[in-house]
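# Coordinate analysis (summary)
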Amino acid sequence: MKLVIDEHRCKGCNLCTMVCPYRIFQEGKRPGPRGYVIPALDQPERCTNCRLQKIYGRQLCGMCQLTCPDQAIAWIEEKPYEAHKVVIEY
Ligand code: SF4
Ligand code: SF4
């Protein structure tokens, strides 16, 4: 699974940057298509949902998605040929 921000929905409120326990969401610098500054993702492969959601068959953290007032955060399937890194933190 891959963490994505829908840049057409995001209004740059940065609530996601405050709730992520891994600080994966960081304040962004670049405006999106609607002119709002979209958060940047810092090593999103550290997200517990990205790593383990499929194995457990359910959402594990999801705080960012629950908090986002614009439903701009989602996880999408990665294509089989897409290179992806997995980071395990203890
Ligand atoms: S699901 Fe949890 S760990 Fe993953 S990005 Fe969202 S708040 Fe962070
Ligand atoms: S909480 Fe949602 S709308 Fe707000 S900055 Fe994060 S992704 Fe964008």
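In what follows, the structure referred to is the one given above.
Here the structure is a predicted model, which means the values were calculated and not measured.

Around ligand 2, the neighbouring residues are C10, K11, G12, C13, N14, C16, P39, C68, P69, D70, A72 and I73. The residue inventory of the shell around ligand 2, partitioned by class, reads 8 nonpolar, 2 polar and 2 charged.

Inspection of the region around ligand 1 gives 13 residues, with C20, C47, C61, G62 and C64 positioned closest. Looking at the shell around ligand 1, the elements that each hand over two or more residues are α2 (48-56) and α3 (63-67). Split by residue class, the shell around ligand 1 holds 10 nonpolar, 3 polar and no charged.

In this section: the side chain of E45. With respect to the helices and strands, E45 occurs in the loop between β3 (40-41) and α2. Look at E45 and you get buried, because its relative accessible area is 18%. Among residues more than four places away in sequence, those in contact with E45 are R51, K85 and V87.

Our focus in this paragraph is the pairing of strand β1 (residues 2-5). Along any regular strand, the residues point their side chains to alternate faces of the sheet. Judged by which residues are buried, β1 turns out to be one-sided: L3 and I5 face inward and are buried, whereas K2 and V4, on the alternate face, are not. When β1 meets strand β4 (residues 73-76), the two strands line up antiparallel, connected through 4 bridges. Within β4, the residue paired with V4 across the bridge is A74.

Let us now look at the layout of surface pockets. Taken as a whole, the largest pocket encloses approximately 230 Å³ of empty space. What lines the largest pocket is a set of 13 residues, among which M1, C50, E78, H84 and K85 lie closest to the centre. For the lining of the largest pocket, the elements supplying multiple residues, two or more each, are β1 and α2. Residue composition of the lining of the largest pocket, grouped by class: 6 nonpolar, 1 polar and 6 charged.

This paragraph deals with the nonpolar core. The nonpolar side chains of soluble globular proteins are, as a tendency, buried together. In this structure, L3, F25, C64, I73 and W75 are the most contacted members of the largest nonpolar core, which totals 15 residues. Secondary structure elements with two or more residues in this core: β1 and β4. In this view, C64 contacts C16, V19, F25, I73 and W75; residues no more than four positions away in its chain are not counted.

Reading the values: rules and limits
- Residues numbered from 1 in each chain as written.
- Chains lettered and ligands numbered in written order.
- Predicted model: local features only at pLDDT ≥ 70, side-chain atom pairs only at ≥ 80, totals over all residues.
- Heavy atoms only, no water.
- Near = heavy atom within 4 Å.
- Nonpolar A, V, L, I, M, F, W, Y, C, P; charged D, E, K, R; others polar.
- Helix = DSSP H or I, 4+ residues; strand = E, 2+ residues; numbered from the N terminus.
- Buried < 20%, exposed > 50% of the residue type's maximum accessible area, 1.4 Å probe, protein only.
- Contact = heavy atoms within 4.5 Å.
- Pairing = 2+ DSSP bridges.
- 1 Å grid on protein atoms, 1.4 Å probe; cavity = no way out; pocket = protein on both sides within 12 Å on 5 of 7 lines; lining within 4 Å.
- Points joined across faces, edges and corners; volume = space filled by probe spheres on them.
- Core = buried A, V, L, I, M, F, W, Y, C linked by side-chain atoms within 4.5 Å.

The values reported here are purely geometric and, on their own, carry no functional implication.
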